Amino acid sequence: MTLTREDIAKYPFLADAAEEVRRVNLEIQNLDNPELESIIKRAANRIREALENNPPRVSYRKRQEDIEIPSFPVAIIMAASSGSNYIKRRYALGEAIRAYNLLIEEEREKILEVAKAFNWRIRRVKDIIGNRRFDFALSFIDYLRNTKPFHEEKFKLVNKPLIKGDVYLTKREAARLLQEEVRKRIEDKLNMEIRLKLPDRLLNQIENLKRKYAGYKEKKILEEAPKEMIYEAFPPCIRQLLSAAKSGQHISHLGRFTLTSFLLNIGMKIQDIVDIFRSSSDFNERLTRYQIEHIAGNRGSGTKYIPPSCETLKTHGLCPDFKACGNVKHPLASYRRRMRTFKKETKDNISEHE
Amino acid sequence: MNNTLFIHDRFAEFYKENASIIKPPSKISQREFGFFTFKKDIVIRHKGFLNVKDLRNYVKQIVPSHAYYSAAYYEMPEENMERKGWLGADLYFDIDADHIPTKCRKIHDTWKCKKCGFQGRGIAPAECPICSGRGFEERKWPCEICLESAKYEAIKLLDFLIDDFGFSHHEIQVSFSGHRGYHIQVESEKIRELDSSARKEIVDYITGTGLNPIYHGLQGTPRGRHVTSGPHMDEPGWRGRIARGTHEFLLSIRKEDLEDLSLKKKIIDEIISRREEILRSWEKEGPWSLIRGAGVETWKKIIGKAIESQSAIIDTVVTTDIHRLIRLPYTLHGKTGWLKTPIPAEKIEEFDPLSSAIAFKRGEATIYVEEAPEFRIGEETFGPYKNIKVELPLAAAIFLLCKDAAKVVD
């Protein structure tokens, strides 16, 4: 592959990372060097850009290869040693979006080169399907690997031209998938254990970033599910399963799992869930309790399970109404949202009567 | 003699002579095996074998009513699930007549209330009309129509796997399940490590779940009131399927079919009265812009029917479950006494499960048949029977005993 210095400045993750890191690490202790000063400054700046912009976005500085290239591995070390998952995720996404913005300006051949550097099974094509022109044919395996977190309808495999194992993509779509590949690669790097003694000045900078950006975000993620339970706020899938269970109708294995994990996650007691299944014709109290305890994480591997996503429920025919929950992607999220509306309505009613 | 013991002894004789035909999966030492035995409720799981000889000897020794292997590969197949060390899994599809709404089910499938013994046909109701009991014994019959419709779904699935997903014939293994369906296995290095969510996308592709025709050529004016163009029948992938399915639907259209889709009356009349013109239109651009008043939403409803007929009905859980146990090829199915039988993919159309999957080729048995519809084994047709003692070829007798439709006569 023919990567110029400019290419590496644009796509620093393609360079031999290990070597870059080793080279910079050696000298990182030596902060007197004024040239390193600007590299470290730019590294901290890369992370700050990702944290300050929304969506996160790291800039590209043209014709400054000597700083752009080495500041990337330094920024990786800094973000990794922050120990903050929020900073790590945000920075990885910032760098990935940077790459996307640069890629869509490139010639198609350059995109092909970058994709091949990631071992994608990809070909350049100039095919017209219907009346749309496609630029690339990508193995559906690589396609699925990189569209996993995408929720847009247009990226679902079933909505893509798929011929003889290849998904046909436009230039923009290929760049979008590469963004995801870059994000994953950088996140993986950030999660590798760092055993480096960093200079105090660097550590101070990292602490500053953490104090400023990472504090409240992480708390929010740990927010607990609400304690009370409001039947009126159950999403349609759960209502349907619940009434089937109560009337003793047959429910598939996945259906039972969905119902049980949902009820456990919103705080229902194990005994109350056992009672729900009591009207089933093949009810076995001991077995039912065992299975519920398993899902609750009290047995086996200790994993506490959450219900499957809306996508999965659709695949297995357990979502009775595709449109009822709006854009929500998970039954628990749907419940929380409905609960807010429900509470608001109840409150409104009360104040009306007052 | 009781039925179970009789079936067990015949299965034991079969395996004693024929265990050598049992076809082991590739990388046998990385697979988990599981067995049902004739002793009530005894399930053996987490078994591992280092070679095919041990596997065959084990089957001979325990005489399972059902034998399975894992589609998954494990570092240590005999450990419990958490410690097995998942290495990958073949891509598996299960087509079962249970999931296909054939009309004949109302005739040959029966149920019996466990509480009061009341009986009926078709799919069991939610509760017994006599005693409101909720437990039923269900008997599903593998009739020729059901088997044919399962085969038709398997052929559609093969088209998806070969034309769309690009798998080659030697990566695909088709089998008759030994009861009411077909198994299709894709064994290839490149799909082995696909996770459950990637397999779910494959399932959605094959079942047409989440498909929006606007991504397959259905184009309209900005507000969608008029459709300007749509896909052609000779195009690849879902585009061609949408066009062919729509063509097929409109070919035999009746007014009621369109009313079921709750289309506007004006549009229904237009489609019915211009049928000839619509059918001729496929030679050029297709009928997409032909129907006055039919916008994007109307066509989406019609295309919904096309998706239904062109998609393949598969068991969605089997394909997305990366730890699934699969029936072992050339072992006996405890509900029929037939063999799970591999078939070359290109031979599926002419495959006849009712002769190729028959295991018991010699001997007779006298049984008392309570009730059985007409059925065929090989070239010979039997029944229908009702409360009658008959002497039958062993294959037919074992089949009725496995189905619990008959009793052994001493």
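Residues numbered from 1 in each chain as written. Chains lettered and ligands numbered in written order. Predicted model: local features only at pLDDT ≥ 70, side-chain atom pairs only at ≥ 80, totals over all residues.

Participant: Describe the overall build of chain B, naming the residues involved and giving the relevant values.
Facilitator: Counting its regular elements, chain B contains 13 helices and 20 strands. C-alpha atoms of chain B, sized along the principal axes, occupy 70 × 50 × 40 Å. Classification of the 410 residues of chain B by burial places 42% in the buried group. Taking as baseline every contact in chain B between residues at least 6 positions apart, the subset at least 24 positions apart corresponds to 65%. (Helix = DSSP H or I, 4+ residues; strand = E, 2+ residues; numbered from the N terminus. Buried ≥ 20, exposed ≤ 12 C-beta atoms within 10 Å, placed from the backbone. Contact = placed C-beta atoms within 7 Å.)

Participant: Give me the lowdown on the confidence of the model for chain B, citing residues and values where you can.
Facilitator: Predicted confidence across chain B gives a mean pLDDT of 92, with 100% of residues reaching 70 or more. For this predicted complex, the interface confidence score (ipTM) comes to 0.91, while the overall pTM stands at 0.85. (pLDDT = per-residue confidence, 0-100.)

Participant: Which residues make up the domain arrangement of chain A, and what values go with them?
Facilitator: Under the domain assignment used here, chain A contains domain 1 (5-103 + 193-220), domain 2 (108-182) and domain 3 (231-353). If you look at the interface, domain 1 of chain A gives nine residues, while domain 2 of chain A gives eight residues. (Domains from an automatic or database assignment.)

Participant: Please set out the packing of helix 6 (residues 108-117) of chain A against helix 8 (residues 171-190) of chain A residue by residue, giving values where relevant.
Facilitator: Residues and elements named next belong to chain A. Direction vectors running N to C along helix 6 and helix 8 enclose 30°, while the axes themselves pass 11 Å from each other. Viewed along their axes, helix 6 and helix 8 adopt a mutual orientation that is roughly parallel. Considering the relative orientation of helix 6 and helix 8, their crossing is left-handed. Counted together, R108, I111, V114 and A115 of helix 6 and K171, A174, A175 and L178 of helix 8 form the full contact between these two elements. (Axes fitted to C-alpha atoms, helices over the stretch in contact; angles between N-to-C directions. Parallel < 35°, antiparallel > 145°, perpendicular 65-115°, else oblique. Left-handed = near helix turned anticlockwise from the far one by under 90°.)

Participant: Describe the packing of helix 6 (residues 237-251) of chain B against helix 10 (residues 296-310) of chain B, and please don't skip the residues or the numbers.
Facilitator: All names here are of chain B. Where helix 6 meets helix 10, the closest approach of the two axes is 8 Å, and the angle between their N-to-C directions is 105°. Classified by the angle between their axes, helix 6 and helix 10 sit roughly perpendicular to one another. In this structure, helix 6 contributes R241, I242, R244, G245, T246, E248 and F249 to the contact, and helix 10 contributes I302, I303, K305, A306, I307, S309 and Q310. Classifying every residue of the contact of helix 6 with helix 10 by side-chain character gives six nonpolar, four polar and four charged. (Nonpolar A, V, L, I, M, F, W, Y, C, P; charged D, E, K, R; others polar.)

Participant: Which residues make up the environment of T315(A), and what are the values?
Facilitator: Structurally, the position occupied by T315(A) is in helix 14 (residues 310-315). As a C-alpha pair, T315(A) and Y100(A) span 215 residues in sequence and 31 Å in three-dimensional space. What T315(A) contacts, discounting residues up to four positions off in sequence, is K200(B), V203(B), D204(B), T209(B) and T316(B).

Participant: Now, about the sheet that holds strand 8 (residues 119-121) of chain B: what can you tell me, with residues and values included?
Facilitator: All names here are of chain B. With respect to topology, three strands assemble into an open sheet ordered 8-7-9, the strand pairing being antiparallel. Edge strands, defined here as strands with exactly one partner in the open sheet, are strand 8 and strand 9 (136-139). Between one strand axis and the next, the sheet turns through 20° on average, direction left out of account. Where strand 7 (residues 110-113) lies against strand 9, four bridges are found, and the strand directions are antiparallel. Counterpart to C113 in the pairing with strand 9 is F136. (Pairing = 2+ DSSP bridges.)

Participant: With reference to specific residues and values, describe the interface of chain A and chain B.
Facilitator: Contacts between chain A and chain B engage 28 residues on the former and 31 residues on the latter. When residues of the side of chain A that touches chain B are traced back to their parent elements, those giving at least two are helix 7 (140-147), strand 3 (162-163) and helix 14 of chain A. Here the side of chain A that touches chain B is built from residues that sort into nine nonpolar, eleven polar and eight charged.

Participant: I'd like to hear about the nonpolar core, residue by residue, with values.
Facilitator: Side chains of nonpolar character tend, in soluble globular proteins, to be buried together. If you look at the biggest cluster of nonpolar residues, it comprises 157 residues, and the most contacted ones within it are I47(A), M78(A), L157(B) and L400(B). Among the elements that take part in this core, helix 13 (residues 394-402) of chain B stands out by supplying nine residues, more than any other. With 21 residues, the next largest nonpolar core counts L241(A), L263(A), I266(A) and I295(A) among its residues. (Core = buried A, V, L, I, M, F, W, Y, C linked by C-beta atoms within 7 Å.)

Participant: Can you lay out helix 4 (residues 144-164) of chain B for me, pointing to particular residues and giving the numbers?
Facilitator: Helix length check: helix 4 of chain B, at 21 residues, gives a terminal C-alpha distance of 30 Å against a target of 30 Å (1.5 Å per residue), a fit within 8%. Considered for burial, the residues of helix 4 of chain B that qualify are C146(B), L147(B), S149(B), A150(B), K151(B), E153(B), A154(B), L157(B), L158(B), F160(B), L161(B) and D164(B). (Expected span 1.5 Å × (residues − 1).)

Participant: Before we move on, can you summarise helix 13 of chain B with the specific residues and values?
Facilitator: All names here are of chain B. Counting buried positions along helix 13 yields nine of nine residues, so the element is predominantly enclosed. Elements in contact with the buried residues of helix 13: helix 1 (3-18), strand 16 (364-372), strand 17 (375-377), strand 18 (380-382), strand 19 (385-393) and strand 20 (406-408). Just beyond helix 13, the residue with positive phi is D404, at close to 60°.

Participant: Go over the sheet that holds strand 2 (residues 43-47) of chain B, please, and point to the residues and values.
Facilitator: Residues and elements named next belong to chain B. Pairing is antiparallel across the open sheet formed by four strands, whose spatial order is 2-1-3-14. Every interior strand has two partners, whereas the edge strands, strand 2 and strand 14 (325-327), have only one. Strand-to-strand twist of the sheet, defined as the mean angle between neighbouring strand axes without regard to direction, takes the value 25°.

Participant: Summarise the pairing of strand 1 (residues 122-129) of chain A; cite the residues concerned and give the values.
Facilitator: A regular strand places its side chains on the two faces of the sheet in alternate fashion. All names here are of chain A. In terms of strand pairing, strand 1 meets strand 2 (residues 132-139) through six bridges, oriented antiparallel. Bridging across to strand 2, I128 finds its partner in R133. With antiparallel pairing between neighbouring strands as the criterion, strand 1 and strand 2 make up a hairpin whose turn holds two residues, including G130 at a positive phi of roughly 65°.

Participant: A description of the domain arrangement of chain B should follow, citing residues and the corresponding values.
Facilitator: Residues and elements named next belong to chain B. One can read the domain layout of chain B as domain 1 (3-94 + 174-199 + 315-352), domain 2 (105-139), domain 3 (213-310) and domain 4 (360-410). Taken over C-alpha atoms, the centre of domain 1 sits 27 Å from the centre of domain 4. In this assembly, nine residues from domain 1 lie in contact with ten residues from domain 4. Across the side of domain 1 that touches domain 4, the residue classes tally to three nonpolar, four polar and two charged.

Participant: Hey, could you go over the environment of R337(A) for me, with residue numbers and the actual values?
Facilitator: Tracing the chain through its elements places R337(A) in helix 15 (residues 331-353). Spatially, the C-alpha atom of R337(A) lies 33 Å from that of S82(A), the residues being 255 residues apart in sequence.

Participant: Help me get a handle on the pairing of strand 16 of chain B, residues and values and all.
Facilitator: Sheet analysis places strand 16 of chain B next to strand 19 of chain B, joined by eight bridges and oriented antiparallel. Looking at strand 19 of chain B, one finds that I367(B) is bridged to V390(B).

Participant: Give a detailed account of the confidence of the model for chain A, specifying residues and quantitative values.
Facilitator: Residues at a pLDDT of 70 or more form 86% of chain A, whose mean pLDDT is 84. In this model, residues 218-224 of chain A is a region of pLDDT below 50 whose contacts with residues beyond four sequence positions or in other chains number two contacts.

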